[in-house]
Amino acid sequence: MNFNMKDQKGFTTTILHSDRLLKPEFGALHQPVHTSVTWGFDDVQGLVNVFQNKAKGYAYSRQGNPTTTALEHKVTQMERGKATVSFSTGMAAITATIQALMKAGDHIIASSFLFGNTRSIMQTYAEIGVSFSFVDATDVQNIKNAYQENTKMVFVETIANPATQIADLGPIGDFCAEKGLIYVVDNTMTSPYLFNPINVKASLVINSLTKYIGGHGDALGGSVTDTGLFDWTKYANIAQVLREQIKPEMLGITQIRKRGLRDGGGTLSPEAAHTISVGAETLALRLERACHNALTLAKYLEDHDMVSKVYYPGLNNHPQHELAGSLFKHYGGLMSFSLKEGIDLFAFLNRLQLVVKSSNLGDTRTLAIPVAHTIFFELGAASRAEMGIPDSMVRLSVGIEDTQDLLQDFRQALEA
């Protein structure tokens, strides 16, 4: 079968045929795993041209090889962007983006509900000269109030982990466009199947490929995608040497690849890239089931007399329920809930038989973790309170199990 992928195809069709249309050897349907660290040239000028950005190619696999390039192409298609750089983890992608684009004295406005490790690395950068304002990003006015003359970037997530607050994504995008700010949207909790941040004028899109895109808990990875909406020619922090060599629309993503990936060294292995690429083929199918399970489970827990609160955008009482419905295809597979006072949290979790006690997200299996005691423990009680995280909170990454089996597991654990 031959078809022109320039003709718009559905999400899954595009991803399924992405590798094949790059024409790997012998008609392979997947890009092969290229394990070579370095690449040889018959003519040394070819090597020089790659180093000087005069020709496409590979010189040293720390900054990419054909296997990671194929995955990057696939992510770019999913995000409807211009270009993507892949990394060893989602945190490596975030760290590299700040490293590559910020300088001492610059200011970043960030959501106060960010994932704990994201907030931690920002605090590390604050110690070496980049300043941050953490604000409630569910209201664009808080972003506007935090704006300073030296503000260069706004950083938010689509759905916050674990309390599921949703950023005021569209109005924030409008404000960033007005002020010429880099608008970074971490799309991990929704994935490009449920939402494309390009729709709200995002400049850069972060994905932890470990999560829903890879989807099977068997490979670590991360990515940064340039949507093509930001004018990098007007951004002061772009290196002059790149301005002389690179097309204007590729300046930002190239600087992230050079200064963030090449210099930072958070390289995605070809083996992991291949695993993630294959996993991505079923992203839509997995998320359809996971979102159905999450909504069903959220409604069950909401009505249970042992549960004090459920945090899930699909519930009518969620503060951003209508916003989520207008932005996202479904409400996601992430949810949290709190048990009523006096109930032994650990005993309840240990009674769960099907649900796995684990720290990951976006797996095919349903995973549960006590939030305050683990992933947000180091932030301390004050920061947890600011983020709306009680000590009795359980975060769930809902998987693709048979719905009734999931409900029965929670039923027996709550009523034992």
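Above this text sits the structure in question.
Residues numbered from 1 in each chain as written. Predicted model: local features only at pLDDT ≥ 70, side-chain atom pairs only at ≥ 80, totals over all residues. Heavy atoms only, no water.

1. Overview of the overall build of the protein
In terms of helices and strands, the protein carries 16 helices and twelve strands. A globule of 416 residues ought to have a C-alpha radius of gyration of about 22 Å, and the protein, at 22 Å, matches this closely. Counting only C-alpha atoms, the protein reaches 70 × 55 × 35 Å along its principal axes. Burial statistics for the protein: of 416 residues in total, 54% are counted as buried. Restricting to contacts in the protein with at least 6 residues of sequence separation, those with at least 24 account for 71%. Within the structure as shown, the protein displays about 17600 Å² of accessible surface, and the carbon and sulfur contribution to it stands at 50%. (Helix = DSSP H or I, 4+ residues; strand = E, 2+ residues; numbered from the N terminus. Rg over C-alpha atoms; globule rule 2.2 N^0.38 Å. Buried < 20%, exposed > 50% of the residue type's maximum accessible area, 1.4 Å probe, protein only. Contact = heavy atoms within 4.5 Å. Areas by Shrake-Rupley, 256 points an atom, 1.4 Å probe, with all protein chains shown as cover.)

2. Thoughts on the pattern of salt bridges
Enumeration over the complete set of coordinates arrives at seven salt bridges. A salt bridge links Glu72 to Arg257, with the shortest nitrogen-to-oxygen separation between them at 2.9 Å. Here Glu72 is found in helix 3 (residues 66–79), whereas its partner Arg257 is found in helix 10 (residues 251–262), with 185 residues between them in sequence. Of the charged contacts, one joins Arg365 and Asp363 as a salt bridge, the two residues approaching to 2.7 Å between their closest N and O atoms. Relative accessible area serves as the criterion here: at 43%, Arg365 is assigned to the partly exposed category. (Salt bridge = Lys/Arg side-chain N within 4 Å of Asp/Glu carboxyl O.)

3. Regarding the packing of helix 12 (residues 283–302) against helix 16 (residues 403–415)
Running from amino to carboxyl end, helix 12 crosses helix 16 at an angle of 30 degrees, the nearest separation of the two axes being 10 Å. By the angle between their axes, helix 12 is roughly parallel relative to helix 16. Every pair of crossing elements has a handedness; the one defined by helix 12 and helix 16 is right-handed. Of the residues in helix 16, those touching helix 12 at Arg289, His292, Asn293, Thr296, Leu297, Tyr300 and Leu301 are Thr403, Leu406, Leu407, Phe410, Arg411, Leu414 and Glu415. (Axes fitted to C-alpha atoms, helices over the stretch in contact; angles between N-to-C directions. Parallel < 35°, antiparallel > 145°, perpendicular 65-115°, else oblique. Left-handed = near helix turned anticlockwise from the far one by under 90°.)

4. What to know about the sheet that holds strand 6 (residues 204–208)
Read from one edge of the open sheet, seven strands run 1-7-6-5-4-2-3, paired in mixed fashion. Each having just a single partner strand, strand 1 (83–87) and strand 3 (131–135) make up the two edges of the open sheet. With direction set aside, neighbouring strand axes in the sheet form an average angle of 20 degrees. Helix 3 rests against strand 1, strand 6 and strand 7 (222–226) of the sheet, and its axis sits at about 125 degrees to strand 1. Most of the contacts of helix 10 go to strand 1, to which it runs at about 15 degrees, and overall it touches strand 1, strand 6 and strand 7. (Pairing = 2+ DSSP bridges.)

5. A closer look at helix 4 (residues 90–101)
If you check helix 4, its first and last C-alpha atoms are 17 Å apart, about what twelve residues at 1.5 Å a residue would give, namely 16 Å. Most of helix 4 is tucked away, with nine of its twelve residues classed as buried. Among the residues of helix 4, Gly90, Ala92, Ala93, Ile94, Ala96, Thr97, Ile98, Ala100 and Leu101 are the ones counted as buried. (Expected span 1.5 Å × (residues − 1).)

6. Points about the packing of helix 4 against helix 5 (residues 116–126)
Any two packed helices are characterised by the angle at which their axes cross and by the distance between the axes. In the contact formed by helix 4 and helix 5, the axes pass within 10 Å of each other and the chain directions differ by 30 degrees. With respect to each other, helix 4 and helix 5 are oriented roughly parallel. Considering only the axes of helix 4 and helix 5, their crossing is right-handed. Within the contact between the two elements, helix 4 uses Met91, Ile94, Thr95, Ile98 and Gln99 and helix 5 uses Asn117, Thr118, Ile121, Met122 and Tyr125. Tallied by class, the residues present in the contact of helix 4 with helix 5 amount to six nonpolar, four polar and no charged. (Nonpolar A, V, L, I, M, F, W, Y, C, P; charged D, E, K, R; others polar.)

7. Brief notes about the packing of aromatic side chains
This model, assessed by the stated rule, comprises twelve aromatic pairs. Between Phe195 and Phe328, the aromatic rings sit 5.2 Å apart at their centres with planes inclined by 75 degrees, giving edge-to-face as the arrangement. Placement of Phe195 in the loop between helix 8 (191–194) and strand 6 and of Phe328 in the loop between helix 13 (321–327) and strand 9 (334–339) is noted, with a sequence separation of 133 residues between them. Taken individually, Phe195 and Phe328 each receive the classification buried, so the pair is uniform in this respect. (Phe/Tyr/Trp six-rings, centres within 6.5 Å; stacked < 30°, edge-to-face > 60°.)

8. Some thoughts on the pairing of strand 11 (residues 367–370)
The side chains of a regular strand alternate, first on one face of the sheet and then on the other. Burial of strand 11 is two-sided: the residues Leu367 and Ile369 facing one way and the residues Ala368 and Pro370 facing the other way are all buried. In this sheet, strand 11 lies alongside strand 10 (residues 356–357) in parallel orientation, the contact comprising two bridges. Within strand 11, the residue paired with Lys357 across the bridge is Ala368.

9. Notes on the pairing of strand 9
Counted residue by residue, strand 9 has six buried out of six residues, so it is predominantly covered. As defined by bridge partners, strand 8 (residues 307–311) adjoins strand 9 across four bridges and the pair is classed as antiparallel. Considered in strand 9, the bridge of Val307 is made with Leu339.

10. Details of the sheet that holds strand 10
Strand order across the open sheet formed by five strands is 8-9-12-11-10, with mixed pairing between neighbours. Each edge of the sheet is formed by a strand with only one pairing partner; in this case those strands are strand 8 and strand 10.

Shape is all these values report; function is a separate question.
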